[in-house]
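# Coordinate inspection notes
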Amino acid sequence: MKLEDLNKIKKEHEQIVKVRKLIASEGEKLAKKTGYRKQVLVCGGTGCTSSGSKKVIAALEKALKKNGLEKEILVVRTGCFGLCSLGPIMIVYPEGAFYSQATPEGVERIVKEHLKEGNVVKELLYQETVHEDGSIISLSETAFYKKQLRVALRNCGVIDPENIDEYIAVDGYQALAKVLTKMTPDDVINEITKSGLRGRGGGGFPTGRKWSFAKASVNDVKYVCCNADEGDPGAFMDRSILEGDPQCIIEAMTIAGYAIGAHHGFVYIRAEYPIAVDRLQKAIDQAKEYGFLGKNILDSGFDFDMEIRLGAGAFVCGEETALMTSIEGNRGEPRPRPPFPAVKGLFGKPTVLNNVETYANIAQIILNGSDWFTSMGTPTSPGTKVFALGGKITNVGLVEIPMGTTLREIVEEIGGGIPNGKKFKAAQTGGPSGGCIPALHIDTPIDYDSLLALGSMMGSGGMIILDEDTCMVDIAKFYLEFTVDESCGKCTPCRVGTRRLLQFLDKITEGKGEMEDLEKIEELAKHMQTSSLCALGQTAPNPVLSTIGYFKDEYIAHIKDKTCPAGVCKALMKYEIVPAKCKGCTLCARNCPANAISGTVKQPHIINQDKCIKCGVCMKNCKFNAIITR
Amino acid sequence: MTETSLNAFKGTLAQERKLKEVLEKHKDMPGALLPCLQEAQGIYGYLPIEVQQMVADGLGISLSEVYGVATFYSQFSLTPKGEHRISVCLGTACYVKGADKILAAIEEKLGIKSGECTPDGLFSIDSCRCVGACGLAPVMMIDDEVYGKLTPDMVDGILDKYIKKGGK
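Residues numbered from 1 in each chain as written. Chains lettered and ligands numbered in written order. Predicted model: local features only at pLDDT ≥ 70, side-chain atom pairs only at ≥ 80, totals over all residues.

## Things to note about the overall build of chain A
Our working rule: Counting from the N terminus, the helices are DSSP H or I runs at least four residues long and the strands are E runs at least two residues long. For this measure, only C-alpha atoms enter the radius of gyration; the expected value for a globule follows 2.2 Å times N^0.38, where N is the number of residues. Using C-beta atoms placed from the backbone, we call a residue buried if 20 or more other C-beta atoms fall within 10 Å of its own, exposed if 12 or fewer do, and partly exposed for counts in between. Each residue gets a C-beta atom placed from its backbone, and two residues are in contact if those atoms lie within 7 Å.
Check the secondary structure of chain A and you find 26 helices and 17 strands. By the compact-globule yardstick of 25 Å for 630 residues, chain A fits well, its C-alpha radius of gyration being 27 Å. The buried share of chain A, taken over its 630 residues, is 54%. For chain A, restricting intrachain contacts to residue pairs at least 6 apart in sequence, the fraction spanning at least 24 positions comes to 71%.

## Overview of the interface of chain A and chain B
How we decide: Residues were grouped as follows: Ala, Val, Leu, Ile, Met, Phe, Trp, Tyr, Cys and Pro as nonpolar; Asp, Glu, Lys and Arg as charged; and all remaining residues, including Gly, as polar.
Chain A puts 38 residues into the contact, and the matching count from chain B is 31 residues. Only helix 3 (46-50), helix 14 (320-327), strand 9 (384-391) and strand 13 (462-467) of chain A provide two or more residues apiece to the side of chain A that touches chain B. Considering only residue class, the side of chain A that touches chain B consists of 15 nonpolar, 18 polar and 5 charged.

## Regarding the domain arrangement of chain B
In plain terms, the rule: Segmentation of the chain into domains, including their bounds, is taken from an automatic or database domain assignment.
On domain assignment, one finds that chain B holds domain 1 (2-72) and domain 2 (84-165). Computed from C-alpha coordinates alone, the two centres of domain 1 of chain B and domain 2 of chain B are separated by 28 Å.

## Overview of helix 24 (residues 552-561) of chain A
Residues and elements named next belong to chain A. Keep this limit in mind: Directions from the helix axis toward the C-beta atoms define the arc.
Where helix 24 is concerned, the buried positions are Glu 554, Tyr 555 and His 558. All buried residues of helix 24 fall inside an arc of 105 degrees around its axis, so they share one side. Summarising the geometry of helix 24, the exposed residues directed more than 90 degrees from the buried face are Lys 552, Asp 553, Lys 560 and Asp 561. Those residues of helix 24 hidden inside the fold are in contact with helix 19 (472-486), helix 20 (492-509), helix 21 (515-531) and helix 23 (542-550). Backbone geometry just after helix 24 places Lys 562 at a positive phi near 55 degrees.

## Considering helix 4 (residues 53-66) of chain A
All names here are of chain A. Put simply, the test is: Residue count minus one, scaled by 1.5 Å, sets the expected span of a helix.
Between its first and last C-alpha atoms helix 4 spans 20 Å; for 14 residues at 1.5 Å apiece the expected length is 20 Å, and the two agree. Taken together, the buried positions of helix 4 are occupied by Ser 53, Val 56, Ile 57, Ala 59, Leu 60, Ala 63 and Leu 64. For helix 4, the angular spread of buried residues about the axis comes to 165 degrees, placing them on one side. When the buried face of helix 4 is taken as reference, the exposed residues oriented beyond 90 degrees from it are Ala 58, Lys 65 and Lys 66. Residues of helix 4 that are buried in the fold lie against strand 1 (38-43), helix 3, strand 2 (73-78), strand 3 (90-93) and helix 5 (104-116).

## Focus on the environment of A:Val151
Residue and element names in this part refer to chain A. Tracing the sequence through the fold places Val 151 in the loop between helix 6 (143-146) and helix 7 (164-169). Assessed through the 21 C-beta atoms surrounding it within 10 Å, Val 151 is described here as buried. Considering only alpha carbons, one finds Val 151 and Glu 400, 249 residues apart in sequence, at a separation of 7.8 Å.

## A word on the sheet that holds strand 4 (residues 97-99) of chain A
Residue and element names in this part refer to chain A. In plain terms, the rule: In this description, strands pair whenever DSSP reports at least two bridges between them. To define axes, lines are fitted to C-alpha atoms, for helices over the stretch in contact only, and angles between the resulting N-to-C directions are given on a 0 to 180 degree scale.
Strand order in the open sheet formed by 4 strands is 2-1-3-4, with mixed pairing between adjacent strands. The strands lining the two open edges of the sheet, one partner per strand, are strand 2 and strand 4. With direction set aside, neighbouring strand axes in the sheet form an average angle of 20 degrees. Where strand 1 and strand 2 come together, 6 bridges link them in parallel fashion. If you follow Leu 41 over to strand 2, its bridge partner there is Val 76.

## Focus on the pairing of strand 11 (residues 424-429) of chain A
Remember that side chains alternate between the two faces of the sheet whenever the strand is regular. Residues and elements named next belong to chain A. Within strand 11, 6 of the 6 residues are buried, which leaves the element mostly enclosed by the surrounding structure. Pairing between strand 11 and strand 13: 5 bridges, direction antiparallel. Note on strand 13: the bridge partner recorded for Gln 428 is Ile 464. Here strand 11 pairs with strand 12 (residues 435-438) via 4 bridges, running antiparallel. Pairing of Ala 427 across the sheet is with Ile 437, part of strand 12. Hairpin connection between strand 11 and strand 12: a loop of 5 residues separates the two successive antiparallel strands, and Gly 430 in this loop has a positive phi of roughly 80 degrees.

## Thoughts on the packing of helix 9 (residues 185-195) of chain A against helix 10 (residues 207-216) of chain A
Two quantities define a packed helix pair, namely the angle between the helix axes and the distance between the axes. Residue and element names in this part refer to chain A. To be explicit about the condition: For classification, angles of less than 35 degrees are called roughly parallel, those exceeding 145 degrees roughly antiparallel, those between 65 and 115 degrees roughly perpendicular, and all remaining angles oblique. Each crossing gets its hand from how the near helix is turned against the far one by less than a right angle, where anticlockwise is left-handed and clockwise is right-handed.
In the contact formed by helix 9 and helix 10, the axes pass within 7 Å of each other and the chain directions differ by 155 degrees. Taken together, helix 9 and helix 10 sit at an angle that is classed as roughly antiparallel. Judged by the sense of rotation from one axis to the other, the crossing of helix 9 with helix 10 is left-handed. When helix 9 is examined against helix 10, the residues Pro 185, Ile 189, Ile 192 and Thr 193 are found in contact with a partner set consisting of Thr 207, Gly 208, Arg 209, Trp 211, Ser 212 and Lys 215.

## Some thoughts on the domain arrangement of chain A
Residues and elements named next belong to chain A. Here chain A is described as being made up of domain 1 (11-139), domain 2 (164-374), domain 3 (384-470), domain 4 (473-561) and domain 5 (574-629). Each side of the interface is counted separately: domain 1 has 10 residues, and domain 2 has 11 residues. Of all the secondary-structure elements, those providing two or more residues to the side of domain 1 that touches domain 2 are helix 1 (3-18) and helix 3. A per-class count over the side of domain 1 that touches domain 2 returns 3 nonpolar, 6 polar and 1 charged.

## Re the sheet that holds strand 2 (residues 123-128) of chain B
All names here are of chain B. Ordered by their spatial adjacency, 4 strands build an open sheet running 2-1-3-4, and the pairing between neighbours is mixed. At either end of the open sheet lies a strand with only one pairing partner, and these are strand 2 and strand 4 (145-147). Taken over all neighbouring pairs, the strand axes of this sheet differ in orientation by 20 degrees on average, direction set aside. Pairing of strand 3 (residues 140-142) with strand 4 involves 3 bridges; the strand directions are antiparallel. Directly across from Ile 142, in strand 4, lies its bridge partner Glu 145. Along the sheet, helix 7 (residues 99-110) contacts strand 1 (84-89), strand 2 and strand 3; its crossing angle with strand 1, the most-contacted strand, is approximately 150 degrees.

## Quick notes on unusual backbone geometry
Residue and element names in this part refer to chain A. Between Tyr 93 and the following residue, Pro 94, the backbone shows a cis peptide bond with an omega angle of 10 degrees. Residue placement: Pro 94 occurs in the loop between strand 3 and strand 4. That bond from Arg 337 to Pro 338 is cis: its omega, -5 degrees, falls within 30 degrees of zero. Among the structural elements, Pro 338 can be located in the loop between helix 14 and strand 8 (351-355). With phi around 70 degrees, Thr 586 is a residue other than glycine that occupies positive phi space. Counting through the fold element by element, Thr 586 comes out in the loop between strand 14 (575-577) and helix 25 (587-591). Residue class for Thr 586 comes out partly exposed when judged on the 15 C-beta atoms lying within 10 Å of it.

## Overview of the nonpolar core
To be explicit about the condition: Here, a nonpolar core means buried Ala, Val, Leu, Ile, Met, Phe, Trp, Tyr and Cys residues linked by C-beta atoms lying within 7 Å of one another.
Residues A:Leu60, A:Cys225, A:Ile249, A:Ile255 and B:Val139 are the most contacted members of the largest nonpolar core, which totals 232 residues. Broken down by element, the residue count for this core peaks at 10 residues, all from helix 12 (residues 246-260) of chain A. Setting aside anything within four residues of it in sequence, one finds A:Ile249 in contact with A:Cys226, A:Leu242, A:Val356, A:Tyr359 and A:Ala360. Formed by 12 residues, the second largest nonpolar core is a distinct cluster that contains A:Ala589, A:Ile597, A:Cys618 and A:Ile627.

Structure, rendered in structure tokens:
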């Protein structure tokens, strides 16, 4: 493959992809030139696949054949559009008609009425995209997308991730071509350094500096690694990028290889992500076939190749030294730093290791320049950040925002607020290593430094919204149970510390806590933060400290009043009978396994709290909703 | 008695031949142990000590090293799994939406705990951390099928489908 060949492919496929980006009237003109009257994009990401997009695609293809449309309508299976709770998602271009929660039956109607006869099936559209007069609102104008800025996700939901030609059509491999023909390795590192790009895996270390350290290490063999071991439960940004735009990671890793002088790369990816693994492998095969991987890439004399290694389900392997130990075939235990990976990393060789989302920014920075990148976001955190928005929020899904966007904008505008009229209580970021941002700080701009100042951290980008029904002690306990499970056991502060912390929380949620436990927690936390070997142990106390910091009253309620204000902690829950509603039918008393309910027929009954085992059988059986929990 | 018969190693010659091919292919690859164990588990469904010994012999490393790695990662299982593997997501997004109640309902229905296998070998239950379908929380997977937006009272109906399919 030579540069001219690359540009030829780009030209051939440019128009087909451009139809998906233009406004309707221009799109229509262009669509005619491409040979396809309309294009139907269906999300084939994990979220939509789980809600049945495979069946939708099969039904679509069948219906197109039945109506004789298969030659005029192009079906494209894309990556994630972001609005996962509304899946399966289907968009028809050039109109930009956005069908949500598509079903095989609905698809048959859409094919007949919309694709064949030209009438959009309005009642199947995502209702936010329909004006009162029935006209279609462009997707980028809806509340969910309006404040988003897609850089890392720019191709997700736009191109077919299994077709390298479509990637080339949207400037794919132009950055690599620029790097190999016009830039020295130092130029590349300078550009990345000037862009101020910081590691999107959570730590926020400047990427350019990491690369320059690795370049400065002298060695015949160096490695480029990609961390796709997205372990934070509730985060799925990296998976979506790999599913929606795998070629951009290959391009970026090759650029990194050129910059530091490495010729081999590894992508360490979770085995729990079968779709992402499959697409990445196909992408690697296609890149090899086109000559973007292998010997003498684009006639430049530079060689680079890469392979996939599957993780085996260990959270600690998201830590850089543990990840490399795991690739080497061992138990994924971290190693002390220094030596840092840039000096002595994988197989003892200098290694650069970046997160998937970090790589997803590289080609864009090379093509558009560092000034373009710093024009987005805040001075210390330029660019954008992808968040996986989940929990008690209306629009669950994937969002990419410029750094500095406030939490309020994310929750109230993009996220569409809290469902069921409940109140926003806090946002949890950074997963098991992070903390909470309480409602009090909802106007905080989201960037690395503001989150750290609040006692949380950016983390890889999981953002779980909690409402008033969430018990903060229980949430802290949830994360602690996770870190206890996932602590690798190599160093004592983490192995023993996480267990001790969990014991304190167990005691508190069982109503046996004492006030001095809170002091002991803080003391233990300090030791873990300063003496654990890796970030897992150093940050494990964060969820506890952060909830104690912002929701101390809830801890005190558990300890002193022996109640759980959110009504979550079972041991502190009380079942009570509302006398006004109780008809005295005796059903509850007869079914109570502990004989804890007494009363005479047709008179209100009473639960003896000392005998009650809180099984909830009475509440299940009551026909008058007379039993409540407090 | 049932327990020993359930765990007794019943590898076939065809499986052994397949494993030997895998080991031969990976022999000189740096960091071969993990990919080999992953393929071995794909062949046998789990990693009994007999299989670990074959891997150790094939790669020329000690059994203790293989055992150390096999027990470190949660993907590897040293005991057989059910014919249908139930995996309840206990990731954060699912947890705040009541995934623990889903797990409890399944455990109650099948009479086994997470990590165990029913005596007839039809089901095993595990919990996992995030399958990435957070938009559908709470979710569980049975084999490769994802069930989303679950409530505890849906559990009965879903499991019954498999019990019938199991064709007892």
